[in-house]
Amino acid sequence: MSILEIILFTLGKVLVLLTLILLSVSYLVYFERRISAWIQNRLGPNRVGWQGVLQPFADIFKLLLKEDIVPDKANKKIHTLAPIIALFVAFSTYAVIPFGPTVTLFGYSVPLVVADINIGILYVLALSSIGVYAMTLAGWSSGSKYSLLGGIRSSAQMISYEVSMGFSVGGVLLLSQSLRPTEIVLAQSGWMWNAFIQPIGFITFLVASFAETNRLPFDLPEAEPELVGGFHTEYSSMKFAGFFLAEYANMIIASALIVTLYLGGWQLPLIDTFGLPSGIVITLQILGFVLKMGMLLFFFIWIRWTLPRFRYDQLMSLGWKVMFPLSLINLIWVAVLIMVFNI
Amino acid sequence: MLTQYIPIFIVLSIAIIFAVVTVSASKIFGPQRPNKEKLSTYESGMKPVGTTRERMSIKYYLVAMLFIIFDIEVVFVYPWAVNFKSMYAEQGISVFFSMLVFLIVLELGYLYVYKKGGFKWD
C-alpha cells in the first residue's frame, strides 16, 4: 500500500472507531445508571426519550452550556492542561487493539486494527502512565485541599498497580513471543486463552485494571464522603465532562485490553468447523469481541455497585504485598509451563 | 518499516485535536459571569483556610521511588519474555535460571524494603 492509501484507510478506521467509542461511552454512562438503579431497586433515568435513551445527549448539552469556572487560587494553564491530557490518553490507546482479523476490502487486505505496530503493548503501557499525570496535575493545580489529596492518592495508587500490571503482561509475552497485539491474539487460537493458561495473571491484571481506571473498590482518588470530588472537585462544565468521558473511555479500553490479552481477542473457538462463508465468520468474530467486552463492562459496573471501598492502607498493601508477588509467581509459572509442556 | 507508525501519528494528532476542542467548547457556549465567591476555592462552604502548597508525607515519595525500581525490573523482563521460547529451544534451561537469579536478587531488595517498613501505610 502507498502512503496515501495508508493515510486514507487509517482516517476511515479512526473516524468509525472514534464515533463508536464516543457513542459507547455515552451509553455506558446511561447503562451504568440504569444497572445501578436496578441493583438498588430504583428506577434510574427514564424521562428523556423512550426509557431515557436520550439521557446521555441531554447530559452532554447541559455540561456544554455550563459556565467554565477556574478558581482564582488555581494554576490556570495546568488546570486547563490536565483534562486535555486525560482525554488525549483515553482517546488514543484504542489505536493498537485489534477488533477483528484481516479482511479484504476493495482488493486491499486491511487488518482490523488502526495501527498494527510491533510495540503495541509498550504503547499502551506508556500511554496509561501518562494518564497518571492528568490526575496528579489536576489535583495539584486546582489549589484546593480535596483536589490535592485526591491527586496525590491517585498517583500513588496508579503507580503501585502499574508494577503488577506490567509483570502480568510479561506472562502473556512469554507465550506470544511478540509485543504486537495481533500476534498475541493469534497465539490464543482455539481454547488456548491466556485466562485459562495463566489464571493468576488474569486475575492480577483484572484487579490492576480496576485500580488503573479508578473504579470501585479502588476509587480512593474521588472517594465522595471524605474528598468531595477528589482531583476534579474544582472542575466544571466541559473540563469536568472531559474527566468523566476519559474515565468511561478508559473502562472501555481496559476491557478491550483484557479481552485481547487474556480472553482470546476476536477469536471464537470452533468457529471454523461449521463451514460458514468467510464474511459471516468475520462478522461473528467482531461480534464476539464486542460481546466479551460487554460482559467485562457489565462486570465492572456490577462490582462497583456491590463492593464497599477499600481503606487506603489496605489498598496499598494489596498492591505491594499481594498483587506484586502473585504476578511474579505467574511469570515463573508460565515459564515452567513452557519448559514442561512445550506449549 | 516506519510506515506502520503513520497511523499512530494520525491517531495521536486526532486525539489532541479532539481533547482541545472538547475542553474549550464550554468557553464558547457557556456563560461567563465570574464573581469573587464563585472563584473561591471549595471548602464545604467555609472560607478557605491556609494554602495547599504544603509538605506532603514522605511515604508518597517512597512509593514513587519503589515504583521506579520495580518498573525498571519489568522493563528488563520484557525482552527476556519475548525471546524465551526460541532461546529455550537453543540453550536449554540456563535461560530460565539466569532470569530466576535476576528476579531473586531483586526480591531480596523487596524483602529488605518490606522489613524496613516501606510497605506500611497507617
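In what follows, the accompanying structure is described. For clarity, every value in this text was computed on a predicted model and none was experimentally measured.

This brings us to the overall build of chain A. Within chain A, the secondary structure is distributed over 12 helices and 2 strands. Counted from the first residue to the last, chain A has its helices and strands arranged as α-α-α-β-β-α-α-α-α-α-α-α-α-α. Relative to a compact globule of 343 residues, whose C-alpha radius of gyration would be 20 Å, chain A shows 21 Å and is just as compact. Out of the 343 residues belonging to chain A, those deemed buried represent 60%. The contacts in chain A between residues at least 6 apart in sequence include a share of 78% that link residues at least 24 apart. As displayed, chain A has an accessible area near 13,800 Å², and 72% of this comes from carbon and sulfur atoms. Charge-centre separation for chain A: the mean point of 20 positive side chains lies 6 Å from the mean point of 18 negative side chains.

On to unusual backbone geometry. Residues and elements named next belong to chain A. Not every positive phi belongs to a glycine, and asparagine 41 is a case in point at roughly 60°. Structurally, asparagine 41 is set in the loop between α1 (3–39) and α2 (55–64). Positive phi outside glycine occurs at glutamine 177, with the angle close to 55°. Here glutamine 177 shows up in the loop between α5 (145–176) and α6 (181–186).

Residue and element names in this part refer to chain A. Under the defined criterion, the tally for this structure stands at 9 salt bridges over all chains. In this structure, glutamate 32 engages arginine 215 in a salt bridge whose closest nitrogen and oxygen atoms are separated by 3.0 Å. Note that glutamate 32 is positioned in helix α1 and arginine 215 in the loop between α8 (199–212) and α9 (224–227), a separation of 183 residues in sequence. Accessibility classification places glutamate 32 together with arginine 215 in one group, the buried group. Across the pair arginine 180 and aspartate 116 runs a salt bridge whose closest N-O atoms are separated by 3.5 Å. With arginine 180 in the loop between α5 and α6 and aspartate 116 in the loop between β2 (108–111) and α4 (120–141), this residue pair connects regions lying 64 residues apart in the sequence. For arginine 180, a relative accessible area of 18% translates into the label buried.

On to the side chain of A:Glu234. Note that A:Glu234 resides in the loop between α9 and α10 (237–262). Despite its burial, A:Glu234 pairs with no opposite charge, the nearest such side chain being A:Lys73 at 9.0 Å. At 2.7 Å, the side chain of A:Glu234 and the backbone nitrogen of B:Tyr42 are in polar contact. With near-sequence residues (within four places) excluded, A:Glu234 lies in contact with A:Ile69, A:Pro71, A:His79, A:Ser142, A:Ser144, A:Ser147, B:Thr41 and B:Tyr42.

Here we come to the environment of A:Ile39. All names here are of chain A. Mapped onto the elements, isoleucine 39 comes out in helix α1. Once the C-alpha coordinates of isoleucine 39 and tryptophan 302 are considered, the two residues, 263 residues apart in sequence, prove to be 8.4 Å apart. In contact with isoleucine 39, not counting residues within four places along its chain, are Trp302 and Trp305.

Scoring rules and cut-offs
Residues numbered from 1 in each chain as written. Chains lettered and ligands numbered in written order. Predicted model: local features only at pLDDT ≥ 70, side-chain atom pairs only at ≥ 80, totals over all residues. Heavy atoms only, no water. Helix = DSSP H or I, 4+ residues; strand = E, 2+ residues; numbered from the N terminus. Rg over C-alpha atoms; globule rule 2.2 N^0.38 Å. Buried < 20%, exposed > 50% of the residue type's maximum accessible area, 1.4 Å probe, protein only. Contact = heavy atoms within 4.5 Å. Areas by Shrake-Rupley, 256 points an atom, 1.4 Å probe, with all protein chains shown as cover. Lys, Arg positive; Asp, Glu negative; His and termini not counted. Charge placed at Lys NZ, Arg CZ, Asp CG, Glu CD. Salt bridge = Lys/Arg side-chain N within 4 Å of Asp/Glu carboxyl O. Polar contact = N/O pair within 3.5 Å; in protein donor to acceptor, adjacent residues only side chain to side chain.

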